[in-house]
Amino acid sequence: MTRRVVLFLLAAFLLIGTAGQAQAAGYRYWSYWDRDGGAWVYATQGPSLVRPSDGDVQGFRFAVSEDSGDAARPRGTADFASICAKTPAEDGSKRVALVLDFGTASDAPSGETPPAPRTACAQVSPDATTADALAAVAGPLRYDTNALLCAIAGYPKSGCGEQVSQKQDPRTAAAPEKDESADEGGPSVGLVAGIAVIAALAAAGAWQAGRRRNATR
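This one's a predicted model, so the numbers in the text were calculated from it and none came from an experiment.

The next point concerns the pairing of strand 4 (residues 94-101). Judged by how many residues are buried, strand 4 sits mostly within the fold: eight of eight residues are covered. Covered by surrounding structure in strand 4 are Lys94, Val96, Leu98 and Leu100 together with Arg95, Ala97, Val99 and Asp101, the residues of both alternating faces. Strand direction decides the pairing type here: strand 3 (residues 57-65) and strand 4, joined by five bridges, are parallel. Within strand 4, the residue paired with Phe60 across the bridge is Leu100. Note that strand 4 and strand 5 (residues 118-124) share seven bridges and pair antiparallel. Residue pairing across strands places Leu98 opposite Ala120, the latter belonging to strand 5.

Turning next to the nonpolar core. Counting 19 residues, the largest nonpolar core has Trp30, Phe60, Leu98, Leu100, Leu134 and Ile152 as the members making the most contacts within it. When contributions to this core are tallied by element, the ones reaching two or more residues are strand 1 (23-36), strand 3, strand 4, strand 5 and helix 3 (130-137). Sort the elements by how many residues they give to this core and strand 4 lands first, with three residues. Look past the residues within four positions of Leu134 in its chain and what remains in contact with it is Phe60, Leu98, Leu100, Gly139, Leu141, Leu149 and Ile152. Listed in part, the twelve residues of the second largest apolar core include Ala71, Cys84, Val99 and Cys121.

Attention now goes to the side chain of Thr129. Looking at where Thr129 falls in the secondary structure, it is placed in the loop between strand 5 and helix 3. What makes Thr129 buried here is its relative accessible area of 7%. Setting aside anything within four residues of it in sequence, one finds Thr129 in contact with Pro47, Ser48, Val50, Arg51 and Pro52.

This model, assessed by the stated rule, comprises four salt bridges. Here Arg28 makes a salt bridge to Glu162, at a shortest N to O gap of 3.0 Å. In this pair, Arg28 sits in strand 1 while Glu162 sits in the loop between strand 7 (149-151) and strand 8 (163-167), placing the two residues 134 residues apart along the sequence. Notably, a salt bridge pairs Arg61 with Asp101, separated by 3.6 Å at the nearest N-O pair. Placement of the pair is Arg61 in strand 3 and Asp101 in strand 4, with a sequence separation of 40 residues. Asp101 shares its class with Arg61; the two are buried. A single salt-bridge network, built from bridges that share partners, covers Arg61, Arg75 and Asp101.

Our focus in this paragraph is the confidence of the model for the protein chain. In the predicted model, the protein chain carries a mean pLDDT of 78, and 65% of its residues have values of at least 70. Here residues 5-22 is modelled with pLDDT under 50, and outside its nearest four sequence neighbours on either side it reaches 19 contacts, counting other chains as well. Note on residues 168-199: pLDDT under 50 across the span, and 29 contacts to partners over four residues away in sequence or across chains.

Reading guide: rules and limits
- Residues numbered from 1 in each chain as written.
- Predicted model: local features only at pLDDT ≥ 70, side-chain atom pairs only at ≥ 80, totals over all residues.
- Heavy atoms only, no water.
- Buried < 20%, exposed > 50% of the residue type's maximum accessible area, 1.4 Å probe, protein only.
- Helix = DSSP H or I, 4+ residues; strand = E, 2+ residues; numbered from the N terminus.
- Pairing = 2+ DSSP bridges.
- Core = buried A, V, L, I, M, F, W, Y, C linked by side-chain atoms within 4.5 Å.
- Contact = heavy atoms within 4.5 Å.
- Salt bridge = Lys/Arg side-chain N within 4 Å of Asp/Glu carboxyl O.
- pLDDT = per-residue confidence, 0-100.

Following this line, the structure appears as C-alpha cells:
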C-alpha cells in the first residue's frame, strides 16, 4: 500500500473518531417561561408584553440553547402558594410568583459564577407586566437596544444573547425530552459513510500493490 493511501486511511479514521464530537451553534441568554399547571411552557411573547394575572407563576432560566425547542427549563418547584406565602394579598395589587434560575457553571460566561437559584413574590399593580414584576424584586435588570433581556439581578455582568459553540446535547437532563427511536437499530449515516470510504481506500491500496507486484515479475 502506498504512503498516500496510508495517509488517506489515517485521515478517514480521524474524521470518524471526531464525528461524535461535532460542535453546534448555541446562544447564551435568559429564556422566559410560564407555569401551566405542573409544567413549564416556553413563553411566546417577551416579558415586557405579558401581563400576568394574580396567582401566576413565571420563570426565567439562563443557559446556552440552540433554540426554543432546546431551551433548558427553570429547575426546582414552582408553587404559587409556597412562593407567595409571606406576601398577603392587597386590594389594588396582584401577586406574581417568579422562579429565577441562573443556570450552571458550564453555561456561565468566562470568569463569572452563577448565583444560586431563587424564588420571589412580586406585588405589583394590576396592569403590571412580567418585566415590571421582575424589576420589582430582581433588579438590576439589563436590556440591549432591541429590548432583549440581558441580565437579571446583575447577572451576567456583560454579554447578551451571544453565539457560542457547544457540544451536541450538552444538557440532556435539562433539555426537553427527545424522541430517540430514530437513532435505534444501527449506526449513524456518517459512520456508515466513513466505513465505506475506508473500505474503498483499502481496496484501492490493495489493487495498486497488486499492480506493482505484477509489474516487477
